[in-house]
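Here is how the chains run, residue by residue.
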Amino acid sequence: QVNRRDTTAALGGLLIGGLLTVESLRLDLGGLARPGPGFMPLALGVGLLALSAVYLASALAHRMIPGPEWTAARWRGPLLAVAAVTAYGVALVPAGFAPATAVFVLFWLSVIERRPPLTALVYAVLATVGLYLVFAWGLRLRLPPGPLFG
């Protein structure tokens, strides 16, 4: 019997990796010496595609190992995480790096991780500023400015 759970997870990884790869091609890739904002998402998308393909091959080659079934409550976190990452990827260019990142981290911490609102807000601001400093100043990458900073 085919392992449906692993097969479904691998197909989901292929779908997300494909979307990430396609969407990253809309950004400037730059080159190896000076990568653009689309370079790392492209590398991550291709990596996810490769790992998901290996996972799918493994799932199709091995029999299912019995284990606990996933209830609807156990799907909440993974589904919200996929939705959040997808929304962040879609919103990054039109909204800009800072607003999209701040909203993404705030959502992740408050809804998925269930942190207190003030804690989530402080960490969202600190993460956004920290990531901006790393990517824009440290690595000198051009980040999508969005309407607020464009």
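Preceding this paragraph is the structure being described.
In this text the structure is predicted, and so the values were computed from the model without any measurement. (Residues numbered from 1 in each chain as written. Predicted model: local features only at pLDDT ≥ 70, side-chain atom pairs only at ≥ 80, totals over all residues. Heavy atoms only, no water.)

1. Comments concerning the packing of helix H3 (residues 72-95) against helix H4 (residues 97-112)
Here is step 1 of the chain: In contact at an axis separation of 8 Å, H3 and H4 are set at 170 degrees when each is read in the N-to-C sense. In this view, H3 runs roughly antiparallel relative to H4, as classed from their interaxial angle. On H4, the residues that touch Arg76, Leu80, Ala81, Ala84, Val85, Tyr88, Ala91, Leu92 and Ala95 of H3 are Phe97, Pro99, Ala100, Thr101, Phe104, Phe107, Trp108, Val111 and Ile112.
Here is step 2 of the chain: In the contact of H3 with H4, the residues fall into 16 nonpolar, 1 polar and 1 charged. (Axes fitted to C-alpha atoms, helices over the stretch in contact; angles between N-to-C directions. Helix = DSSP H or I, 4+ residues; strand = E, 2+ residues; numbered from the N terminus. Parallel < 35°, antiparallel > 145°, perpendicular 65-115°, else oblique. Contact = heavy atoms within 4.5 Å. Nonpolar A, V, L, I, M, F, W, Y, C, P; charged D, E, K, R; others polar.)

2. Let's talk about the packing of H4 against helix H5 (residues 117-138)
Here is step 1 of the chain: Relative orientation of the contacting elements H4 and H5 amounts to 140 degrees, with a least axis distance of 8 Å. In terms of orientation, H4 lies oblique with respect to H5. Relative to H5, the crossing made by H4 is right-handed. Contacts between H4 and H5 involve Phe97, Ala98, Thr101, Ala102, Val105, Leu106, Leu109 and Ser110 on the former and, on the latter, Ala120, Leu121, Tyr123, Ala124, Ala127, Thr128, Leu131, Tyr132 and Phe135.
Here is step 2 of the chain: Here the residues of the contact of H4 with H5 are counted per class, giving 14 nonpolar, 3 polar and no charged. (Left-handed = near helix turned anticlockwise from the far one by under 90°.)

3. Description of the pattern of salt bridges
Here is step 1 of the chain: The final tally for this structure, using the stated rule, is 3 salt bridges.
Here is step 2 of the chain: Put simply, Glu23 and Arg26 hold a salt bridge, and the shortest N to O gap is 2.6 Å.
Here is step 3 of the chain: Among the salt bridges present, the one from Asp28 reaches Arg142, with a minimum N-O distance of 2.0 Å. Taken together, the positions of Asp28 in the loop between helix H1 (4-24) and helix H2 (39-61) and Arg142 in the loop between H5 and helix H6 (146-149) put the pair 114 residues apart, joining distant regions of the chain.
Here is step 4 of the chain: Take Asp28: its relative accessible area is 40%, and that puts it in the partly exposed class. (Salt bridge = Lys/Arg side-chain N within 4 Å of Asp/Glu carboxyl O. Buried < 20%, exposed > 50% of the residue type's maximum accessible area, 1.4 Å probe, protein only.)

4. Section: the side chain of Ser52
Here is step 1 of the chain: Relative to the helices and strands, Ser52 is located in helix H2.
Here is step 2 of the chain: Overall, the relative accessible area of 5% leaves Ser52 in the buried class.

5. Notes on a nonpolar patch on the surface
Here is step 1 of the chain: A contiguous nonpolar patch, built from Leu106, Leu118, Leu121, Val122, Tyr123, Val125, Leu126, Val129, Tyr132, Leu133 and Trp137 and spanning about 1100 Å² of accessible area, is present on the exposed surface.
Here is step 2 of the chain: Here the element with the most residues in the nonpolar patch is H5; it accounts for 10 residues. (Patch = residues over 30% accessible without salt bridge, like charges linked within 9 Å, V, L, I, M, F, W, Y side chains within 5 Å. Areas by Shrake-Rupley, 256 points an atom, 1.4 Å probe, with all protein chains shown as cover.)

6. Thoughts on the nonpolar core
Soluble globular proteins tend to bury their nonpolar side chains together.
Here is step 1 of the chain: One finds Ala81, Ala84, Phe104, Val105, Leu109, Ile112, Ala120 and Ala124 forming the largest nonpolar core, which totals 8 residues.
Here is step 2 of the chain: Breaking this core down by element, the ones donating at least two residues are H3, H4 and H5.
Here is step 3 of the chain: The greatest single-element share of this core, amounting to 4 residues, is contributed by H4.
Here is step 4 of the chain: With residues up to four places along the chain from it excluded, the contact list for Ala124 reads Ala102, Val105, Leu106 and Leu109.
Here is step 5 of the chain: Core analysis: the next-biggest nonpolar cluster, separate from the first, contains 5 residues, Phe97, Ala100, Ala136 and Leu143 among them. (Core = buried A, V, L, I, M, F, W, Y, C linked by side-chain atoms within 4.5 Å.)

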